[in-house]
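The chain contents come next:
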Amino acid sequence: MFFAPGRLITAFLGAASCLLISPATAFTNPIRRPGGSDPQISYSGGYYYLLSTSWKNVQISRATTIDGLKTATPKVVYSSTEASRCCNVWAPETHYLNGKWYIYFTAGNEKNLDGQNLHVLKGGATPWDDYTYAGKLTNEWSIDATVVRFNKWGNYLAYSCFHGVQYQSLCMQKLGDDNVSLKGSISVISQPTESWERSGTPVNEGPAALYIQETGKTYIVYSANYCWTPDYCLATLEWDGKTDPASAAAWKKSSGCVFKGGVNGHYGTGHNSFFRSPDGSQTWNVYHATSNSKGACDDSRYTMVQVLGSNSDGSPNFGTPVAFSYNSAEPR
Ligand SMILES: *[C@@H]1O[C@H](CO)[C@@H](O)[C@H](O)[C@H]1NC(C)=O
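Residues numbered from 1 in each chain as written. Predicted model: local features only at pLDDT ≥ 70, side-chain atom pairs only at ≥ 80, totals over all residues. Heavy atoms only, no water.

### Some thoughts on the pairing of strand 6 (residues 87-97)
Reasoning step 1: Along strand 6, 10 of the 11 residues are buried, which leaves the element largely enclosed by surrounding structure.
Reasoning step 2: Between strand 6 and strand 7 (residues 100-108), which pair antiparallel in sequence order, lie two residues; one of them, Asn98, sits at a positive phi of approximately 55 degrees. (Buried < 20%, exposed > 50% of the residue type's maximum accessible area, 1.4 Å probe, protein only. Helix = DSSP H or I, 4+ residues; strand = E, 2+ residues; numbered from the N terminus. Pairing = 2+ DSSP bridges.)

### Quick look at the pairing of strand 18 (residues 267-276)
Reasoning step 1: In terms of burial, strand 18 is a largely internal element, eight of the 10 residues being buried.
Reasoning step 2: Sheet topology places strand 18 next to strand 19 (residues 283-290); six bridges connect them, and they run antiparallel. Bridge pairing links Arg276 to Thr283 in strand 19.
Reasoning step 3: Linking strand 18 to strand 19, which pair antiparallel, is a turn of six residues; within it Gly280 sits at a positive phi near 80 degrees.

### A short note on the sheet that holds strand 19
Reasoning step 1: The three strands are arranged 18-19-20 in an open sheet whose pairing can be described as antiparallel. Two strands bound the open sheet, and with one partner strand each, they are strand 18 and strand 20 (302-307). The mean angle between the axes of side-by-side strands here comes to 30 degrees, regardless of whether they run parallel or antiparallel. (Axes fitted to C-alpha atoms, helices over the stretch in contact; angles between N-to-C directions.)

### Looking at the sheet that holds strand 17 (residues 251-253)
Reasoning step 1: What the four strands build is an open sheet, ordered 14-15-16-17; its pairing is antiparallel. This sheet does not close on itself; its edge strands, each paired only once, are strand 14 (204-212) and strand 17. Across this sheet, the average inter-strand angle for adjacent strands is 30 degrees, counted without regard to direction.
Reasoning step 2: As paired strands, strand 15 (residues 217-224) and strand 16 (residues 233-239) are joined by six bridges and run antiparallel to one another.

### Points about the UniProt feature "active site" (unreviewed entry) in the chain
Reasoning step 1: Per the UniProt entry, the sites bearing "active site" (unreviewed entry) are Asp38 and Glu205 in this numbering. The greatest C-alpha distance among the residues just named is 10.7 Å, despite their covering 168 residues of sequence, which places them together in space.
Reasoning step 2: Looking at the element boundaries, Asp38 is found in the loop between strand 1 (26-27) and strand 2 (40-44).
Reasoning step 3: Look at Asp38 and you get buried, because its relative accessible area is 10%. (UniProt positions renumbered as here; feature names shortened; annotations may be inferred.)

### With respect to the packing of aromatic side chains
Reasoning step 1: Enumeration over the complete set of coordinates arrives at 19 aromatic pairs.
Reasoning step 2: Taken together, a centroid distance of 5.6 Å and an interplanar angle of 70 degrees make the contact between Tyr48 and Phe275 edge-to-face. Of this pair, Tyr48 sits in strand 3 (residues 47-52) while Phe275 sits in strand 18, and the two are 227 residues apart along the sequence.
Reasoning step 3: A relative accessible area of 2% means that Tyr48 is categorised as buried.
Reasoning step 4: Given the relative accessible area of 4%, Phe275 is considered buried.
Reasoning step 5: An aromatic cluster is present here, built from Phe27, Tyr43, Tyr48, Phe275 and Trp284 joined pairwise through their rings.
Reasoning step 6: The ring of Trp128 carries Lys75 above its face, with NZ or CZ at 4.1 Å from the centroid.
Reasoning step 7: Cation over ring: Arg85 sits above Tyr133, and NZ or CZ is 3.6 Å from the ring centre. (Phe/Tyr/Trp six-rings, centres within 6.5 Å; stacked < 30°, edge-to-face > 60°. Lys NZ or Arg CZ within 6 Å of the ring centre and 35° of its normal.)

### Section: the state of the cysteines
Reasoning step 1: Evaluation of the coordinates by the stated rule reveals four disulfides.
Reasoning step 2: Residue pairing for Cys227: its cysteine sulfur links by disulfide to Cys297, the two sulfurs lying 2.0 Å apart. Between Cys227 and Cys297, the S-S torsion sits near 105 degrees, and that sign places the bridge as right-handed. Of this pair, Cys227 sits in the loop between strand 15 and strand 16 while Cys297 sits in the loop between strand 19 and strand 20, placing them 70 residues apart in sequence. The exposure classification of Cys227 matches that of Cys297, with both residues buried.
Reasoning step 3: Here Cys233 pairs with Cys257 through a disulfide, and the sulfurs are 2.2 Å apart. Measuring the twist about the S-S bond at about -70 degrees, one finds the Cys233-Cys257 disulfide to be left-handed. Taken together, the residues span a long stretch of sequence, with Cys233 in strand 16 and Cys257 in the loop between strand 17 and strand 18 at a distance of 24 residues.
Reasoning step 4: Counting only the cysteines that form disulfides, in the order they appear in the chain, gives the pairing 1-2, 3-4, 5-8, 6-7. (Disulfide = S-S within 2.5 Å.)

Written out as structure tokens, the structure reads:
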């Protein structure tokens, strides 16, 4: 009789602790390699959902454990022969708004990267339901959309842009009432003005919202520097909690990178997203990295998942990128 090693270990642990919670109790990184760029994971209804792209489509995979995502079969939920959005499909993210799941993503043409724009798919009551194309969100160059929620101000889309500025920056725009359009003016909330965000070429991109329950603080975590450098890293913008979030003055930038590579063989650790653990007590950081010490912007980047820590003042502590050998407990 053949027993998978994982099952044997689980049976042993189960007997030892008299507590059999889930079939896998630990995982190692990477979670997806290759094809692990710009990763996003959502947890909903007992499943982890990982969004990914072949750069010609949007794919979603699901599993009941993080370890299970490694072998889950991706399902294609978007591809198009439409020339303006067939190709260079990047950074898909699922977001739940008023009972429905949406996927916001970047797409453009086949020839170059000048036509990159934001688009949205509308889904159903679970992230696994079918999606239909719901429209183009922007008419100027824009990538890496994410939803950011504010109690008093409503929902915004944060993305990377060149809106009247020289370098790739972060923009905010109000999400339309239908959640498949944007409304109002485009505001630039962060530009790569600091020396530590200008390696290769000055870049701010890959925004991700981070809400800290204990302090009530809202952050936008973003990626700084050019991806073909080992310096591609995460930095934060902290909202002041009162000023219009579409105003640059509402956001305070970290004094440097808050999470960077050059550790455990990982470089260019960036373009992340966050998810809450099943019991809501943990926040997890999902990011990509490369083993290329010169950095990478291509499909060789892999997906990493590790728990987010906290500093004594309640601010996020990202720690350092964990080794592939590190055995992490599954989210609680
Ligand atoms: C869009 O999302 C907002 C916030 O969740 C919600 O109030 C609104 O009803 C949604 N619109 C539609 C058409 O579902």
